[in-house]
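# Observations on the model geometry
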Amino acid sequence: MEALLDYIAQCPTAFHTAGHSAALLEAAGYTRLAETEEWQLTPGGKYYVMRNGSSVIAFRLPEGRVARLMMAAAHTDSPSFKLNEDPQFAGVGVERLSVEKYGGSIYATWLDRPLSIAGRVLVRTEGGVETRLVDLRQPCAVIPNVAIHMNRQMNEKNALNPAVDLVPVYGLEGCGSLKARIAAAVGAEEKDILGDDLFLYNPQRGVEWNGLVSAPRLDDLQCAYAALRSLLEAEPAEGTAAVCCLFDNEEVGSQTKQGAAAPFLRSVAERIAAWSGERDLTAWLASSFMASCDNAHAQHPNHPELADSRHAPRMGGGVVIKHNAAQHYTTDGVSDAIFRLICEKAGVAVQHYNNRADMAGGSTLGNIANTQVALNTVDVGCAQLAMHSAWETAAASDTQAMVKALTALYETALVSDGKGGYSV
Ligand code: CO
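Residues numbered from 1 in each chain as written. Predicted model: local features only at pLDDT ≥ 70, side-chain atom pairs only at ≥ 80, totals over all residues. Heavy atoms only, no water.

## Brief notes about the overall build of the protein
Counting its secondary structure elements, the protein contains nine helices and 22 strands. Against the 2.2 N^0.38 benchmark of 22 Å for 424 residues, the protein shows a C-alpha radius of gyration of 22 Å, consistent with a compact globule. Here the C-alpha coordinates of the protein stretch approximately 70 × 60 × 35 Å along the principal axes. Taking all 424 residues of the protein together, 54% fall into the buried category. Partitioning the intrachain contacts of the protein with sequence separation of at least 6 by distance along the chain shows that 75% fall at a separation of at least 24. For the protein, the accessible area works out to roughly 18100 Å², and carbon and sulfur atoms hold 50% of it. Averaging the locations of the 34 positively and 48 negatively charged side chains of the protein gives two centres separated by 1 Å. (Helix = DSSP H or I, 4+ residues; strand = E, 2+ residues; numbered from the N terminus. Rg over C-alpha atoms; globule rule 2.2 N^0.38 Å. Buried < 20%, exposed > 50% of the residue type's maximum accessible area, 1.4 Å probe, protein only. Contact = heavy atoms within 4.5 Å. Areas by Shrake-Rupley, 256 points an atom, 1.4 Å probe, with all protein chains shown as cover. Lys, Arg positive; Asp, Glu negative; His and termini not counted. Charge placed at Lys NZ, Arg CZ, Asp CG, Glu CD.)

## Quick notes on the sheet that holds strand 5 (residues 80-91)
One open sheet accounts for six strands, arranged 8-7-10-5-6-9; its pairing is antiparallel. Two strands close off the open sheet at either side, each with one partner strand: strand 8 (129-135) and strand 9 (169-172). Here the average twist between neighbouring strands, direction ignored, is 25 degrees. When strand 5 meets strand 10 (residues 193-201), the two strands line up antiparallel, connected through two bridges. Paired with Lys82 across the strands is Phe199, a residue of strand 10. (Pairing = 2+ DSSP bridges. Axes fitted to C-alpha atoms, helices over the stretch in contact; angles between N-to-C directions.)

## With respect to the sheet that holds strand 20 (residues 392-395)
Spatially, 11-12-20-19-15 is the arrangement adopted by the five strands of the open sheet, whose pairing is mixed. Of all strands in the sheet, those with a lone pairing partner are strand 11 (207-209) and strand 15 (296-297), marking the two edges. With four bridges joining them, strand 12 (residues 212-215) and strand 20 adopt antiparallel strand pairing. Bridging across to strand 20, Leu212 finds its partner in Ala395. Here helix 4 (residues 218-233) sits on the sheet in contact with strand 12, strand 19 (383-385) and strand 20, set at roughly 35 degrees to strand 20. The sheet contacts of helix 9 (residues 396-410) involve strand 11, strand 12, strand 19 and strand 20, and relative to strand 20 the element is tilted by about 65 degrees.

## Structural notes on helix 4
Look at helix 4: 21 Å from first C-alpha to last across 16 residues, which is about the 22 Å you get at 1.5 Å a residue. Taking burial as the measure, the 16 residues of helix 4 include 13 buried ones, the bulk of the element. (Expected span 1.5 Å × (residues − 1).)

If you want it as structure tokens, here you go:
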């Protein structure tokens, strides 16, 4: 469990998730490829590609010809607040920061807790610019509540307006310049910082307690960690190209150059096809499979009525398979059956989630990735409480269940008979 908590601590933003994942891949013998160059691939080779410094696709080739792609995908980003251009301003005795919300946070959970700032900055060089990551790590902002004496209704109703109520305090007036601090942290002159993507984040380290794990960003770093760990631990089946995709921008709809809606995965898959001597991907896709991994809602103990009582996962109950008739989750009869068989063989318990029939529920990246590379896909996750809170809770044991399931997925030699039958 400490390994997951370490991973989360190293990954305050999507840039850090991608960067730290790349470092773990490098340590395991994976070689970085550039999208801008020709790829020299070798049988049995292990590679990864980054896009925008915030999405990563890692893959391991088989010794022989490629017969299928077995993939796990998760997302690198979490709901947060993004700092605006020249964010610092003073007033009412304090310095404040201008921010915009990123994704759908539970606002109240971000109040009255120490927040830090991390992201990337673009620093002027002699010939242009370069990217540097920054993580201040120390608490350096707080979004203060108003006192209950000034809002007697706050325990009954407390709407929070992001433009008014969620403006963070950076310090006492005159406490210094954030930009100077960022510049010093990356070893640059303030005037040489030409661009940035900086976010507030919760720097509190996760904890394991009474069978549960509470931490920031469990959605979706619990799954990102599990997908990466599985790729590193698996011994993929003969003919399998094992692929792990970590996409940015799921929390804002994935429609970016590095998101699941971009042709990033398709271009990687097409290059693997070309290397393997295939004319296109079609020959593989029938026998290929993706697990789109994003955390699921556990039934809430105080509000069990918010779940469909017969399709309500529990923390610690194993991997959740997510279903939705409107296909916001990609799971269908075929992908459900294949994934269940994989889990059955691996001895991993599965449980099933549907939204309550009168609730819209969320969405994730599986159906969006399918618009680029269409293949049998199951939506899965670990059951958790308080999704999109600054402090989320899940079961410690479900991380291991997910690692076991995804490892088994990479080790499965899936073959389609072309008539709706599969050997698993
Ligand atoms: Co998510």
